[in-house]
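# Tertiary structure, described
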Amino acid sequence: MKVSFSLNGKPRKVKVAPMKRLLDTLREECGLTGTKEGCGEGECGACTVLLDGEAVNSCLVPSCQADGAKITTVEGLASSKKLSKIQRAFLACGAAQCGICTPGMVMAACALPKRPSLDPIREGLAGNLCRCTGYMKIYDAVEEALGK
Amino acid sequence: MPKRGAKPKAKPKAEQPRLRTVGKNVDRAEGVDKLTGQARYIDDLVFPDMLHGATLRSTVPRGRILEVTRDPAFDWSGFTVVDHRDIAEGGGRNVVAMIVDDQPLLAENEVRHQAEPILLIAHADRARLAEGLKHVTIRYQPSEAVLDFERAETVLKEIGIARGDLDAGFANAEIIVEGIYRTGAQEQLYLECNGMIAVPDADGERSGMTVYGSMQCPYYVQRALEGLLGLPRERVRVVQTTTGGGFGGKEEYPSVIAGHAALLARKAKKPVKLVYDRHEDLLATTKRHPSIIRHRTGLLRDGTIVASEIDLKLDGGAYVTLSPVVLSRACIHATGPYRCPNVRVRGRVMQTHTPPAGAFRGFGAPQSQFAAEAHMDRIAEALKIDPVELRRKNLLRTGDVTATGQTLKDSVTAEEVLDRALRRHEKALRKQKAPKPGVLRGRGVSLFFHGSGFTGGGEVKLASRAGLELTKKGVRLLVGSTEIGQGTRTMHAQIVAETLAIPYAWVETADPDTRRVPDSGPTVASRTCMVVGGILARAAEKLRAELGDYDSPERFRERARVRLKSGPVKVIEEYRRPTDVVWSDETYQGDAYGAYAWGCNVAEVEIDPVTYQARCTHLTAVIDIGKAIHPILVEGQIEGGSLQGIGWALYEEVVMRDGKMQNAQLTNYIIPTTLDTPRIDVEIVENPYPGGPFGAKGVGECPIDGPAAAVVNAIFAATGRRLDEIPATPERIMKVMAGPEVMERRPAKVSVQ
Ligand code: FES
Ligand code: FES
């Protein structure tokens, strides 16, 4: 089926099987491999993208569901080589180590409310696993980017 | 709320030169690529004409393979199929080259564990692979499998350490305390699964092979492929791609999956991508060795340890892999950081019909120090003395001698990290609110150490090489150590920039490609900073001398440009053994490691009396690593390693049935999420080791040695019940707190002489 959506601000049309995972559509059809797969079953959050402003696990979203939606992936955050505030804070605070959870983590952080205290940060990121950092530096980065 | 990650406390030293780059939190070298999604991991790469591979695995733990049949009715066109016969036909040997050549890359006539690879298929359409696998049937004649390592009889490796006179020691003891401790398997759970792409050289099948992939040790993979493909070394090229975590899980296993991809690629004459999904990765790849460790300790009434007998068994699984080395580290660290004149450690790796265990951060030391530190608290209970004072009485100090007979000379800080951790923890929790009614709370301590680099003569045998080449901009590092998230590139560049007195931004790193960089030894064993960083520092000094004295970075550049006119300038240095390190593999006596990192954890744990769920609510980690080249990276190592330790202590359980992992998915193999993670409060201690670059020792592994014991000791403090087995799941806690065993609960087996 034909699916059209706005991807990082640009209109995009793809022809895919309706049940193809949005994750695969993004990676294979749209060539955006920034979105990662860590489990394929909705547990790790490495595949997190924003669908109409909401953080979702793209491994659980069938492509047909993205029809007409607004999708933002990690590739859509930086503008002409300038890192977004959250990306910059992740870099400065050491919140990315191996980096495989990072795109999903950054997208989940984008969906957090402004000036979150620690509890909402922890709740908001609870669906995103990181095996490297122990999460402390990720909290630092989110606090730095979104304000305490 | 106390600020996380306090500034490292450097010891004021008289004439410490002012450092410009080392000790600073520069931006991670490959950070922007990772933040923007531009970094290319193996699954992000596509080659023209590429096929996808899949692996058919055994479904019995042990048996003879009677027949492998491919369904003749199935359409096999477009499939490439490989089995063990292709290896011999290609002139190679069917072994995974490691310490002992006992593991076939593809099973021949027998299988020795579940999920053992037997047959490989590849197809251009990934979706067709599952179908293909379904149309192959294997008939087995199963035989009896040994699945319980405590009952296993075959010993894969045995190590003994003995010092002093054990019998005399026990004869002098006023009290003897015994305990038995068990730890379970643990999955590394790098978030990027294992994966490789093999690309045959365009001109015919004998000409060579390039393998790209997620790995820690490109040169291990190269060595493995050489024998497997029957190719001379120079025709096997291995390139590490951006790697999404390793933790030991990508030390030896990549040789297997790289071999499989290469066999398929050679036969198909096309690039083949073999990337595991999470389920397959969990089922088939190595895990931390389960252990059972018995301690028998003789003491004086004042708490002085006079005799220590330790028997340690690890479950090695079906093949040897790296078990001998894991056992070695487990044994050397088995006493914990304590003095004892009379010691005997006996360690064995048992063979079972389960998937082979392998490298995992800490490499045996977390198991043996979990036991040692849980046992210390049992001793304290038996002697009715404060666990901290018991530790203080026995801990290793400068000039003390370890179980291997090593006299500790430099940077020995067990007492300092203990004191700092206690103070820091107390201060952070001074205003802690009382727990909710009914909730039990306790505090536990663990003290630990971790040798940096390969054991004994290991570094000499490795003879690692690393170096630099001049570029127009500055220098390029030529180093085989891999960046797997820990910050290798950044930290190495800092060491070199500092030594050359040039800006960090002028230093770049060549991609880890066996064609471009020398063999710097594996990226394991907390050696990348201390050992390889040291080689790089030496190379930088040599380059600096070669360029003649320059007083500014600009002058460096001018000289470099002049030199470059007459051709490339490269400096490669090799590991040099510090002259005072002596070791014997025969007696297991000598200087096991040039330097040790020292650590102390204090854990606050709460237990819900209804659900029996234990939660760690605050963990203090104070670690002496000599010198933090990049404090934020170091804190990241400590926080991440600590959390893996907490996961192992409380949540992560590999459930096996019939030799097969039953919970091979992230829904039920649980690693800590943000909600399970306590505040991890880190303090870095810097007592420089003269043999390391700028005083640095190893950091990667030490942090995972301590949390499990601190957590279990805190559970004891909260409940008054000892738990001698991890993970401390609600089931296990309930068993010791409320189960029928409570009545017959055996207190510490104590005999008074
Ligand atoms: S890959 Fe989607 S949640 Fe793990
Ligand atoms: S940085 Fe490696 S998993 Fe998060």
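### Here's the deal with the overall build of chain B
Assigned secondary structure in chain B consists of 18 helices and 30 strands. Looking at chain B residue by residue over its 753 residues, the buried ones come to 65%. Surface exposure of chain B reaches about 27,500 Å², of which carbon and sulfur atoms provide 50%. Charged side chains in chain B number 102 positive and 96 negative. The centres of these two groups are separated by 4 Å.

### Concerning the confidence of the model for chain B
Residue and element names in this part refer to chain B. Taken over all residues, the pLDDT of chain B has a mean of 94, while the share at 70 or more is 95%. For residues 1–14, every residue scores under 50 in pLDDT, and the model assigns this stretch 32 contacts once sequence neighbours within four places are set aside. A low-confidence stretch, residues 741–748 (pLDDT under 50), is modelled with 10 contacts involving residues beyond four sequence positions or located in other chains.

### Some details on the sheet that holds strand β6 (residues 117–123) of chain B
All names here are of chain B. Reading across the sheet, the 7 strands line up as β4-β6-β2-β13-β10-β11-β12 and stay open at both edges, with mixed pairing between neighbours. Edge strands, defined here as strands with exactly one partner in the open sheet, are β4 (80–82) and β12 (236–240). Direction aside, the axes of adjacent strands within the sheet are offset by 20 degrees on average. Strand direction decides the pairing type here: strand β2 (residues 51–57) and β6, joined by 6 bridges, are antiparallel. Paired with Arg57 across the bridge in β6 is Pro117. Where helix α5 (residues 218–229) meets the sheet, its contacts fall on β11 (209–213) and β12, and the angle it forms with β12 comes to roughly 150 degrees. Its contacts with the sheet put helix α6 (residues 253–268) on β2, β4, β6, β10 (195–200), β11 and β13 (272–275), and the angle it makes with β10 is roughly 35 degrees.

### Observations regarding the interface of chain A and chain B
Taken residue by residue, the interface counts 49 residues in chain A and 54 residues in chain B. Summed over both sides, the interface between chain A and chain B buries roughly 4,100 Å², with carbon and sulfur atoms accounting for 56% of that surface. A per-residue breakdown of the area chain A buries against chain B is headed by Gln97(A), Arg131(A) and Met136(A), which together make up 20% of the total. In this structure, the connection of chain A to chain B is made through 8 salt bridges. Note that Glu652(B) and Arg131(A) form a salt bridge whose closest N and O atoms lie 2.8 Å from each other. Scanning the region where chain A abuts chain B turns up 30 residue pairs in polar contact (both at pLDDT 80 or more). Broken down by secondary-structure element, the contributors of at least two residues to the side of chain A that touches chain B are α1 (22–29), α2 (85–93), α3 (102–110), α4 (118–124) and α5 (136–146) of chain A. The leading source of residues in the side of chain A that touches chain B is α2(A), at 6 residues.

### Considerations on a nonpolar patch on the surface
On the surface, Ile99(B), Val100(B) and Val325(B) cluster together into a nonpolar patch covering about 210 Å² of accessible area. Classification of Val325(B) by relative accessible area gives partly exposed; the value is 33%.

### Let's talk about the pairing of strand β28 (residues 679–686) of chain B
Residues and elements named next belong to chain B. Summarising burial for β28: 8 of the 8 residues are buried, a large majority. Side-chain alternation along β28 places Arg679, Asp681, Glu683 and Val685 on one buried face and Ile680, Val682, Ile684 and Glu686 on a second face that is also buried. Pairing analysis gives 7 bridges linking strand β25 (residues 614–624) to β28, with the strands arranged parallel. Looking across to β28, one finds that Val622 is bridged to Glu683.

### Examining the environment of Pro631(B)
Residue and element names in this part refer to chain B. Tracing the chain through its elements places Pro631 in helix α16 (residues 631–650). The buried category is assigned to Pro631, whose relative accessible area is 7%. Between the alpha carbons of Pro631 and Glu150 there is a distance of 43 Å; along the sequence they are 481 residues apart.

### Quick notes on the domain arrangement of chain A
All names here are of chain A. Each assigned domain of chain A is listed here: domain 1 (2–76) and domain 2 (85–146). Taken together, the 14 residues of domain 1 in the interface contact 11 residues of domain 2. Buried area between domain 1 and domain 2, summed over both chains or domains, comes out near 950 Å², and the portion from carbon and sulfur atoms is 66%. Across the domain 1-domain 2 interface, the total number found is 0 salt bridges. Considering each element in turn, the side of domain 1 that touches domain 2 owes the most residues, 3 residues, to strand β3 (residues 48–51). Among the residues forming the side of domain 1 that touches domain 2, the class breakdown is 6 nonpolar, 6 polar and 2 charged.

### What about the sheet that holds strand β19 (residues 475–479) of chain B?
Residue and element names in this part refer to chain B. An order of β20-β19-β18-β21 is seen for the 4 strands of this open sheet, with the pairing classed as mixed. Both outer strands of the open sheet, β20 (507–509) and β21 (570–574), are each paired with one neighbouring strand and no more. Geometrically, the sheet is characterised by an average inter-axis angle of 20 degrees between neighbouring strands, direction not taken into account. Pairing of strand β18 (residues 465–470) with β19 involves 5 bridges; the strand directions are antiparallel. Each residue of the ladder has a partner; that of Ala466, found in β19, is Val479. Docked against the sheet, helix α14 (residues 528–546) engages β18, β19 and β21, running at close to 35 degrees with respect to β18.

### A word on the packing of aromatic side chains
The geometry of an aromatic ring pair comes down to the distance between the two centres and the angle between the two planes. All names here are of chain B. This model, assessed by the stated rule, comprises 12 aromatic pairs over all chains. The interplanar angle of 55 degrees and the centroid separation of 5.8 Å between the aromatic rings of Phe74 and Phe79 together place this pair among those described as tilted. For Phe74, a relative accessible area of 11% corresponds to the buried category. Here Phe79 falls in the buried class, since its relative accessible area comes to 11%. A centroid spacing of 5.2 Å and a plane angle of 15 degrees characterise the contact between Phe449 and Tyr596, whose relative ring orientation is stacked.

How each quantity is defined
Residues numbered from 1 in each chain as written. Chains lettered and ligands numbered in written order. Predicted model: local features only at pLDDT ≥ 70, side-chain atom pairs only at ≥ 80, totals over all residues. Heavy atoms only, no water. Helix = DSSP H or I, 4+ residues; strand = E, 2+ residues; numbered from the N terminus. Buried < 20%, exposed > 50% of the residue type's maximum accessible area, 1.4 Å probe, protein only. Areas by Shrake-Rupley, 256 points an atom, 1.4 Å probe, with all protein chains shown as cover. Lys, Arg positive; Asp, Glu negative; His and termini not counted. Charge placed at Lys NZ, Arg CZ, Asp CG, Glu CD. pLDDT = per-residue confidence, 0-100. Contact = heavy atoms within 4.5 Å. Pairing = 2+ DSSP bridges. Axes fitted to C-alpha atoms, helices over the stretch in contact; angles between N-to-C directions. Buried area = accessible area lost by both parts, 1.4 Å probe. Salt bridge = Lys/Arg side-chain N within 4 Å of Asp/Glu carboxyl O. Polar contact = N/O pair within 3.5 Å; in protein donor to acceptor, adjacent residues only side chain to side chain. Patch = residues over 30% accessible without salt bridge, like charges linked within 9 Å, V, L, I, M, F, W, Y side chains within 5 Å. Domains from an automatic or database assignment. Nonpolar A, V, L, I, M, F, W, Y, C, P; charged D, E, K, R; others polar. Phe/Tyr/Trp six-rings, centres within 6.5 Å; stacked < 30°, edge-to-face > 60°.

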